[in-house]
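# Overview (structure and organization)
These are the residues of each chain, in order.
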Amino acid sequence: GIGFAPTLNQNFESGTFPPTNMFIQNPNNGLAWSSFSGISNTVAFFDNFNNTAFGADAIMTTDYDFSEMADVGYELNFDYLHQNITDKNDTLSVYFSIDCGANWFPIWSKYGENLSSETSTNMELIYTNQNLQNETIDLCNYDYMLCSLKKIRFKFENKSGFGNQIYLDNINIS
């Protein structure tokens with residue numbers, strides 16, 4: 001398909017998971033991304049703490065069309081929460097695809113201590129509406145130049161190092 005106009009505002013509050021126009025990739029059929037309800041909101045969640053399967057699991061968007069508004073400029077914003085466990089390095093990465101997911105290209109990645117938005121611990125991180133770390137990716141950056149392409153989809157991928165939970169929220173394209 002052509003793709004949707006580039007508007008995404010996903011806060012995971014719809015009560016449906018995965019939300020409309022988002023898909024789960026779980027190649028090892030182990031634990032997968034799911035929703036988690038905190039005190040006042042719902043987030044996407046991957047349970048690295050209790051995970052026992054190697055592999056990468058992802059939340060993917062549908063295709064977006066930036067071609068008609070290339071001069072506007074777009075950013076991909078999202079919030080996450082992770083607390084590193086010593087010697088157990090989880091990874092959160094963001095990729096894009098221009099061929100319906102046949103090939104993926106990295107645009108952002110953090111792992112281990114660099115991913116941690118809280119002080120390291122050896123205990124399980126349970127989300128109770130802590131301050132999430134915000135990240136912004138300029139989609140019109142010279143390296144990517146995604147803001148003029150027609151069929152772009154995004155993937156948020158967790159690679160478990162058997163460390164701690166990753167919480168993801170407020171995915172926006174604006």
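Now for a quick tour of the structure. None of these values were measured; they are calculated from a predicted model. Sequence positions are assigned chain by chain, starting from 1 and proceeding in written order. In keeping with the model being predicted, local features are shown solely for residues with a pLDDT of at least 70 and side-chain atom pairs are shown and tallied solely at 80 or more, while totals for entire chains, interfaces and linings include all residues. Heavy atoms from the whole structure form the basis of all side-chain values; hydrogens and water molecules are not counted.

The subject of this paragraph is the overall build of the protein chain. Across its full length, the protein chain carries one helix and twelve strands. In the protein chain, the succession of α and β elements from N to C terminus is β-β-β-β-β-β-β-β-α-β-β-β-β. Taken over C-alpha atoms, the radius of gyration comes to 16 Å for the protein chain, in line with the 16 Å a tight globule of 174 residues would show. Seen along its three principal axes, the alpha-carbon backbone of the protein chain occupies a region of about 50 × 30 × 30 Å. Counting all 174 residues of the protein chain, 47% fall into the buried class. Excluding contacts between residues fewer than 6 apart, the proportion of contacts in the protein chain whose partners are at least 24 apart in sequence is 80%. Within the structure as shown, the protein chain displays about 8400 Å² of accessible surface, and the carbon and sulfur contribution to it stands at 48%. Residues scored as charged are limited to Lys and Arg (positive) and Asp and Glu (negative), so that His and the chain ends carry no count. A charge is said to be at NZ when it belongs to Lys, at CZ for Arg, at CG for Asp and at CD for Glu. Positive and negative side-chain charges of the protein chain, numbering 7 and 20 respectively, have mean locations separated by a distance of 9 Å. Working definition: helices are DSSP H or I runs of at least four residues, strands are E runs of at least two. Numbering for both runs from the N terminus. Based on C-alpha atoms, the radius of gyration is set beside the globule rule, defined as 2.2 Å times the residue count to the power 0.38. Exposure is judged per residue with a 1.4 Å probe applied to protein chains only, and the accessible area is read against the type maximum: over 50% gives exposed, under 20% gives buried, and values in between give partly exposed. Residue contacts are counted whenever heavy atoms from the two residues lie within 4.5 Å of one another. Method for areas: the Shrake-Rupley scheme with a 1.4 Å probe, in which residue coverage is limited to the protein chains shown.

Interpretation in functional terms is not warranted from these geometric data alone.
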